[in-house]
Amino acid sequence: MHKYTLALAGWLMVALGGCKLSEITPAIEEEVTGYREFINQAYGADPVQKCDIYAPVTTGERPSEVLILLHGGAWGSGDKSFLIPSVMGLKGRNKNLTIVNANYRLTSTKGIRLEQQMADIQLLVEYLRKNADKFNITPEGFVIGGVSAGGHLALNYAYSNFAGVKLKGVVGIAAPTDLTSEPLREAGLEIPIQQLIGKTFSDSPEEYQKASPFFIVNHKAPPITMLFYGGKDRVVPKEQGEILCFKLNLLRLKYRYYFYPEETHDFTADLLIDKILSIY
């Protein structure tokens, strides 16, 4: 063996000699023996501010990674129950991953706009970090993802760099990214977007820009953005994903874009799960 190869091998033995195999293996791969379920946990004072937390029990008891899920419903309706198929699919992969399926206040309630929904997500993140020991989770490096309106909120939160929270990644599934887009609004989201912003587009186009991930994304974005769009989606066209990818590319930010020609606005959960898990 070449002397430099021997030297390298010797260095590796010294460097790894004090490490257990469990410390080298990614935490998410630790063997899962079951789940502790915390259903309808209150993360805020409002009755709507509830989440379901599925915390894995592992053989080594290492803190788990975290995935926060936000449901769709055009910002004004919907419920975390919509994402139960995704939760079940994620649990079925037996990864050391705590799944947080959250509700947030809806724009169908008077006084609730984008600002309040962003505040809900921040409150949820703070609650999880404060209770990291209780749920045995890593307090940093969460991934946040959502479907449709929930995907928009996830992207908006991730790109706004709320309170310096560092995310490991963000996932948008059939997510609106440019609320100024006329085709998007004419496809049926005109009124829901007005309720989200509190103004019409003609009255305040700049507010629509400030509420759009495409316009607010910057170099402080999470390390990876993952996007999913369907070719038969009649609510959020694939162009919403393509323009965000264009912007991410300009900023030289890492992203993964998945397009499924036969998928509608209601994505099949099993198409997404393994790809989302690859972020970890």
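Here, the structure is the one placed above.
Here goes a summary of the coordinates provided.

Conventions adopted
Residues numbered from 1 in each chain as written. Predicted model: local features only at pLDDT ≥ 70, side-chain atom pairs only at ≥ 80, totals over all residues. Heavy atoms only, no water. Helix = DSSP H or I, 4+ residues; strand = E, 2+ residues; numbered from the N terminus. Buried < 20%, exposed > 50% of the residue type's maximum accessible area, 1.4 Å probe, protein only. Contact = heavy atoms within 4.5 Å. Areas by Shrake-Rupley, 256 points an atom, 1.4 Å probe, with all protein chains shown as cover. Pairing = 2+ DSSP bridges. Right-handed = clockwise from strand over helix to strand, strands pointing away. Salt bridge = Lys/Arg side-chain N within 4 Å of Asp/Glu carboxyl O. Core = buried A, V, L, I, M, F, W, Y, C linked by side-chain atoms within 4.5 Å. Axes fitted to C-alpha atoms, helices over the stretch in contact; angles between N-to-C directions. 1 Å grid on protein atoms, 1.4 Å probe; cavity = no way out; pocket = protein on both sides within 12 Å on 5 of 7 lines; lining within 4 Å. Points joined across faces, edges and corners; volume = space filled by probe spheres on them.

**Notes on the overall build of the chain**
When helices and strands are tallied, the chain shows eleven helices and eight strands. Counting only C-alpha atoms, the chain reaches 70 × 45 × 35 Å along its principal axes. Counting all 280 residues of the chain, 50% fall into the buried class. Taking the intrachain contacts of the chain between residues at least 6 apart in sequence as the baseline, contacts between residues at least 24 apart amount to 73%. When the accessible surface of the chain is split by element, carbon and sulfur atoms take 56% of a total near 13300 Å².

**Here we look at the pairing of strand E7 (residues 225-230)**
Burial runs high along E7: six of the six residues are buried. A two-sided burial pattern is seen for E7, the buried positions comprising Thr-225, Leu-227 and Tyr-229 on one face and Met-226, Phe-228 and Gly-230 on the other. Judged from the four bridges that link them, strand E6 (residues 167-173) and E7 form a sheet pairing that is parallel. Bridge pairing in E7 links Val-170 to Thr-225. Pairing geometry for E7 and strand E8 (residues 255-260), over six bridges, is parallel. For Phe-228, the partnering residue across the bridge sits in E8 and is Tyr-258. The handedness of the E7 to E8 crossover, carried by helix H10 (residues 239-250), is right-handed.

**Remarks on the pattern of salt bridges**
For the structure on display, the rule yields 14 salt bridges. The shortest N-O distance in the salt bridge between Lys-168 and Glu-65 comes to 3.0 Å. Within this pair, whereas Lys-168 is found in strand E6, its partner Glu-65 is found in strand E3 (residues 65-70), the two being separated by 103 residues in sequence. Overall, Lys-168 belongs to the partly exposed group, its relative accessible area being 26%. Between Glu-190 and Arg-185 there is a salt bridge, with the nearest N and O atoms lying 3.4 Å from each other.

**Notes on the nonpolar core**
Grouped together as the largest cluster of nonpolar side chains are 55 residues, with contacts concentrated most on Ile-68, Leu-70, Leu-128, Ile-144, Tyr-159 and Leu-179. Contacts of Tyr-159, omitting those with residues within four sequence positions, involve Val-170, Pro-213, Ile-216, Val-217, Asn-218, Ala-221, Pro-222, Thr-225, Leu-244 and Leu-248. Listed in part, the 24 residues of the second largest apolar core include Val-87, Leu-90, Val-143 and Phe-228.

**A few points about unusual backbone geometry**
The phi angle at Glu-61 is positive, at roughly 60°, despite the residue not being glycine. Note on placement: Glu-61 falls in the loop between strand E2 (50-58) and E3.

**Structural notes on the sheet that holds E2**
On the basis of which strands lie adjacent, the open sheet formed by eight strands has the order E1-E2-E4-E3-E5-E6-E7-E8 and mixed pairing. With partners counted over all chains shown, the strands left at the sheet margins are strand E1 (32-42) and E8, one partner each. Shown here is a sheet whose adjacent strand axes are inclined to one another by a mean of 15°, direction ignored. Sheet topology places E3 next to strand E4 (residues 97-102); six bridges connect them, and they run parallel. Residue Leu-70 lies in a different strand from E4, and its bridge partner there is Ala-102. Of the strands in this sheet, E1, E2, E3 and E4 are in contact with helix H3 (residues 84-92), which crosses E4 at around 175°.

**As for the layout of surface pockets**
Within this model, the largest pocket holds a volume of roughly 450 Å³. Surrounding the largest pocket, 29 residues form its lining, Phe-82, Leu-83, Ser-86, Val-147 and Phe-267 being those nearest its centre. Those elements that place two or more of their residues in the lining of the largest pocket are E3, H3, strand E5 (142-147), E6 and helix H11 (273-277). The space that makes up the second largest pocket amounts to roughly 170 Å³.

**Some details on the environment of Lys-238**
Within the secondary structure layout, Lys-238 lies in the loop between E7 and H10. What makes Lys-238 partly exposed here is its relative accessible area of 27%. Beyond its immediate stretch of four places on either side in the chain, Lys-238 contacts Tyr-229, Tyr-257 and Phe-259.

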